[in-house]
Amino acid sequence: IEVSNGGCIPYMDCTGIHFQQMLRSGMRVVPVGGDDNHRMEDVGKAWLMVKAEELSYEALIDAFEKGHCYVSEGPEILSLTMEDGKIRVKTSEAVNIVLRGEGRYAEAAVAKEQLLTCAEFDYEPEKLGTFFRIEVRDAAGNRAYSNAYFTDSL
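Because the structure is predicted, anything quoted here is derived from the model rather than measured. (Residues numbered from 1 in each chain as written. Predicted model: local features only at pLDDT ≥ 70, side-chain atom pairs only at ≥ 80, totals over all residues. Heavy atoms only, no water.)

Q: With reference to specific residues and values, describe the overall build of the chain.
A: What the chain contains, in helices and strands, is three helices and twelve strands. What you see for the chain is a C-alpha radius of gyration of 15 Å, in line with the 15 Å of a compact globule of 154 residues. With respect to the three principal axes, the spread of C-alpha positions in the chain is 45 × 40 × 30 Å. Within the chain, the fraction of its 154 residues that count as buried is 40%. (Helix = DSSP H or I, 4+ residues; strand = E, 2+ residues; numbered from the N terminus. Rg over C-alpha atoms; globule rule 2.2 N^0.38 Å. Buried < 20%, exposed > 50% of the residue type's maximum accessible area, 1.4 Å probe, protein only.)

Next up, the structure:
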């Protein structure tokens with residue numbers, strides 16, 4: 001599902017909520033982002049970051065289909081790991097980093113005196129439900145959206 005489109009950002013017409021609704025309904029969709037290049041001022045405002053073994057069509061498609069990607073309007077998700085019952089996220093500078101679960105459950109790390117570059121959350125599948133994902137927002141209001149991680153396959 002397209003979660004962010006550069007041309008739609010000024011209108012606050014991006015579809016993070018639709019991504020969440022599709023996941024809640026049981027669909028295992030992968031987020032994408034981009035710009036339609038209809039106008040030059042919309043170019044480069046949203047994109048898909050893919051972690052692939054190499055720069056080839058086959059490797060990129062394989063990584064995308066496996067969900068080794070995230071959508072960004074600027075913020076970077078530098079690492080996302082889970083170990084010892086903790087979900088750890090490292091990002092570029094952010095005003096908040098949010099852990100979202102299946103239902104209404106969410107947790108947020110919020111910048112106080114200085115911007116954040118990391119967050120740590122307890123991994124509690126009973127609270128998260130069937131999946132979790134991360135959203136990052138920077139000081140300019142731009143967002144990054146991780147892929148969803150399903151608790152039955154972790």
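Q: Account for the nonpolar core, naming residues and giving values.
A: Ranked by internal contacts, the top residues of the largest apolar core, which has 18 residues, are I87, I97, L99, F121, I134 and V136. Counting only elements with at least two residues in this core, the list comes to β6 (86–94), β7 (96–101), β9 (116–122) and β10 (131–137). Excluding residues within four positions of it along the chain, I134 makes contact with L80, V89, I97, V98, L99, F121, A144, Y145 and S146. Core analysis: the next-biggest nonpolar cluster, separate from the first, contains nine residues, V3, F19, V29 and Y145 among them. (Core = buried A, V, L, I, M, F, W, Y, C linked by side-chain atoms within 4.5 Å. Contact = heavy atoms within 4.5 Å.)

Q: Break down the pairing of strand β8 (residues 106–110) for me, with residues and values.
A: Where β7 and β8 come together, five bridges link them in antiparallel fashion. Bridge pairing links R100 to A106 in β8. The hairpin formed by β7 and β8 contains four residues between the paired strands. (Pairing = 2+ DSSP bridges.)

Q: I'd like a description of the side chain of D138, backed by residues and values.
A: For D138, the position within the fold is in the loop between β10 and β11 (143–146). There is a polar contact of 2.9 Å between the side chain of D138 and the backbone nitrogen of N142. Dropping the residues within four chain positions of it, D138 is found in contact with P75, E93, A94 and V95. (Polar contact = N/O pair within 3.5 Å; in protein donor to acceptor, adjacent residues only side chain to side chain.)

Q: Could you give me a rundown of the pattern of salt bridges, with the residues and numbers involved?
A: A full pass over the atoms with the stated rule returns nine salt bridges. One salt bridge connects K86 with D122, and the closest N-O pair in it is separated by 2.4 Å. Taken together, the residues K86 in strand β6 and D122 in strand β9 connect sequence positions 36 residues apart. For K86, a relative accessible area of 24% translates into the label partly exposed. Residue D122 is classed as partly exposed on the basis of its relative accessible area of 34%. Beyond isolated ion pairs, a larger network of salt bridges with shared partners links R100, R133, E135 and R143. (Salt bridge = Lys/Arg side-chain N within 4 Å of Asp/Glu carboxyl O.)

Q: Could you give me a rundown of the pairing of β6, with the residues and numbers involved?
A: The pairing of strand β5 (residues 77–83) with β6 spans six bridges and is antiparallel. Bridge pairing in β6 links T81 to R88. In sequence, β5 turns back onto β6 through a hairpin of two residues, with D84 there showing a positive phi of about 55°. Alignment of β6 against β9, held across six bridges, turns out to be antiparallel. Of the residues in β9, the one forming a bridge with V89 is A119.

Q: Requested: an account of the sheet that holds β9, with residues and values cited.
A: Picture the strands of a sheet paired through backbone hydrogen bonds; they go either parallel or antiparallel. Spatial ordering of the open sheet is given by β5-β6-β9, a layout of three strands whose pairing is antiparallel. Here the strands that pair on one side only, and so sit at the sheet edges, are β5 and β9. Along the sheet, successive strands turn relative to each other by an average axial angle of 15°, direction set aside. (Axes fitted to C-alpha atoms, helices over the stretch in contact; angles between N-to-C directions.)

Q: Can you explain helix α1 (residues 16–24)? Please cite residues and give values.
A: Within α1, burial applies to G16, F19, Q20 and L23. Down the axis of α1, the buried side of the element spans an arc of 95°, and every buried residue falls inside it. Structurally, α1 contributes buried residues whose contacts are with β1 (2–5), β7, β10, β11 and β12 (149–150). Phi turns positive one or two residues past the end of α1, at G26, with a value near 100°. (Arc of directions from axis to C-beta.)

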